[in-house]
Amino acid sequence: MNEYLKKVLEETNTKNSNELEFLQAVEEVLTSLEPVIDNHPEFEKIALLERLVEPERIITFRVPWQNDNGDVIVNRGFRVQFSSLIGPYKGGLRFDKTVNQSIMKFLAFEQIFKNALTGLPIGGAKGGSDFDPKGKSDNEIMRFCQSFMTELQRHIGQDIDVPAGDIGVGEREIGYLFGQYKRIKDIYEGGVLTGKGLSYGGSLARKEATGYGLIYFMREMLKANGNQTLAGKTVTISGSGNVAIYACEKAYEYGAKVVAMSDSQGCIYDKNGINLDTIKQIKEVERGRIKEYQDYHKDAEYFERQNDDSPIWNIKTDIALPCATQNELTLNSAKKLVANGVIAVGEGANMPTVKEGIEYFLQNNILFAPGKAANAGGVATSAIEMSQNSMRYYMTFKEVDKKLDTIMVNIFNSCKNYAEKYKLGNNYVAGANIAAFYKLAEAIKAQGFV
Ligand code: NDP
Ligand code: 2IT
């Protein structure tokens, strides 16, 4: 391996030895940059890689709030402001009991590259809390969001850092966060958060954007490889949240058949095709469990999760879309999918496939769409929301969706062109990392020692 790369990887490992997810994300990116680094010995002199892997700033804070019983609970809040090289810090907030600094840093690191790929002026960040929203009342969610924002407001702003949603943070939470920001700052600053409700500055098509964008990317990838289409293909989608639901909706529009979806506890298989209205009712309206799908569709089967290998990946499919969480698709699951004839995998979630799983797919010539490219439609549409807020203007659904589609086509082409330039065939993992890296390296060189 290139000596400089090796040195930076070793140093990063030593400095962050307990942050496994962060190290996983860094290793994937840096190892794929080898052919570029080989050609640019000058990068070492300006410590370009060292700067790329060290966050500009990490903020952690206490979030005290009161539950409906009157007990005071203390959670931990985070905001990792990783890179402002090409725009204000930008990235979602995750409320989930598993949240820790390693997960925040890996997500913020991925976000730098993802945001660069969109071609829009946004830097990389992530935040959140180990607060577990499951089973909480609306009032508890509101009190938590208000306490969280009471601290976060010091660190954000429409030209500083612009949070949005992620796992456990949707339109409801963004509303409570926005209300508290406005109250403390005494200013209507529309572009300080994205994923807002349509009544107070949100963008049409933001809710749909990540899932739709994933399918636009998949469409392009299939087209570029044997002129294939989604029509008639079987699809399985893990998760049943924001990304999964709108990936399902768009997959149906293109004539595919979605036969399975999941949540953290298990998956449902409906050989007749998943009824998306039922999923929306259970997940968006009732905030229930996917198991309840069987109450509406007696033919559907439910498989409870037993271990790290989600049962959804045992189901035969042409296209697999992991849209739940990191490392949800293990090597075992990758082997099962390949044995069952999968032709393409598209990551709607961030880093859902373990490293060995990605390698296995690539070795077996499975088309593989990496998350930082394939799920970039969400943040790209967030940037379009920010533009609308600055213009004090609303675009139609069609206008936003058209821009999203064009952005996804451009991202796919960047991945493809860089993979081809470095003779990496259709390795879009490397293509995405190299394409984003070129843009970031230019910005680092231009801005001096910062
Ligand atoms: P939601 O909270 O809307 O949905 C998350 C879904 O994933 C739920 O079905 C949830 O099940 C499942 N899930 C969560 N944790 C686990 C786990 N540990 N194991 C198995 N399943 C799990 O989140 P989103 O749809 O917004 O996000 C999904 C993924 O997409 C995340 O990786 C996120 O980072 C990524 N992403 C999101 C974007 C966005 O715009 N929202 C943009 C780009 C990427 P349960 O209800 O049981 O917890
Ligand atoms: O992972 C992601 O790209 C997101 N959760 C969306 C971030 C955003 O700022 O819209």
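Analysis parameters
Residues numbered from 1 in each chain as written. Chains lettered and ligands numbered in written order. Predicted model: local features only at pLDDT ≥ 70, side-chain atom pairs only at ≥ 80, totals over all residues. Heavy atoms only, no water. Near = heavy atom within 4 Å. Polar contact = N/O pair within 3.5 Å; in protein donor to acceptor, adjacent residues only side chain to side chain. Areas by Shrake-Rupley, 256 points an atom, 1.4 Å probe, with all protein chains shown as cover. Helix = DSSP H or I, 4+ residues; strand = E, 2+ residues; numbered from the N terminus. Nonpolar A, V, L, I, M, F, W, Y, C, P; charged D, E, K, R; others polar. Phe/Tyr/Trp six-rings, centres within 6.5 Å; stacked < 30°, edge-to-face > 60°. Buried < 20%, exposed > 50% of the residue type's maximum accessible area, 1.4 Å probe, protein only.

## Topic: the site of ligand 2
- Around ligand 2 there are 14 residues in total, and Lys90, Gln111, Lys114, Asp166 and Ser382 lie nearest to it.
- Contact between ligand 2 and Gly165: a nitrogen atom at 3.0 Å from a main-chain N or O atom of the residue.
- Between an oxygen atom of ligand 2 and a side-chain N or O atom of Ser382, the distance comes to 2.5 Å.
- Expressed as a share of its isolated accessible area of 290 Å², the protein-covered part of ligand 2 is 93%.
- Elements with a contribution of two residues or more to the shell around ligand 2: strand 3 (89–95), helix 6 (101–118) and helix 16 (377–391).

## Brief notes about the site of ligand 1
- Residues in close proximity to ligand 1 total 25 residues, the closest being Asp166, Thr210, Ser264, Arg289 and Asn350.
- Within the backbone of Ser240, an N or O atom sits 2.9 Å from an oxygen atom of ligand 1.
- Contacts to ligand 1 include Ala324, whose backbone N or O atom sits 3.3 Å from an oxygen atom.
- Taken together, the elements giving at least two residues each to the shell around ligand 1 come down to helix 9 (206–224), helix 10 (242–253) and strand 7 (257–263).
- The residue inventory of the shell around ligand 1, partitioned by class, reads five nonpolar, twelve polar and eight charged.

## So, the packing of aromatic side chains
- Across all of its chains, the model carries 21 aromatic pairs by this definition.
- Ring centres of Phe82 and Phe109 lie 5.7 Å apart, and the angle between their planes is 55°; this geometry places the pair in the tilted category. With Phe82 in strand 2 (residues 72–83) and Phe109 in helix 6, this pair connects stretches of sequence that are 27 residues apart. The burial state of Phe82 is the same as that of Phe109; both residues are buried.

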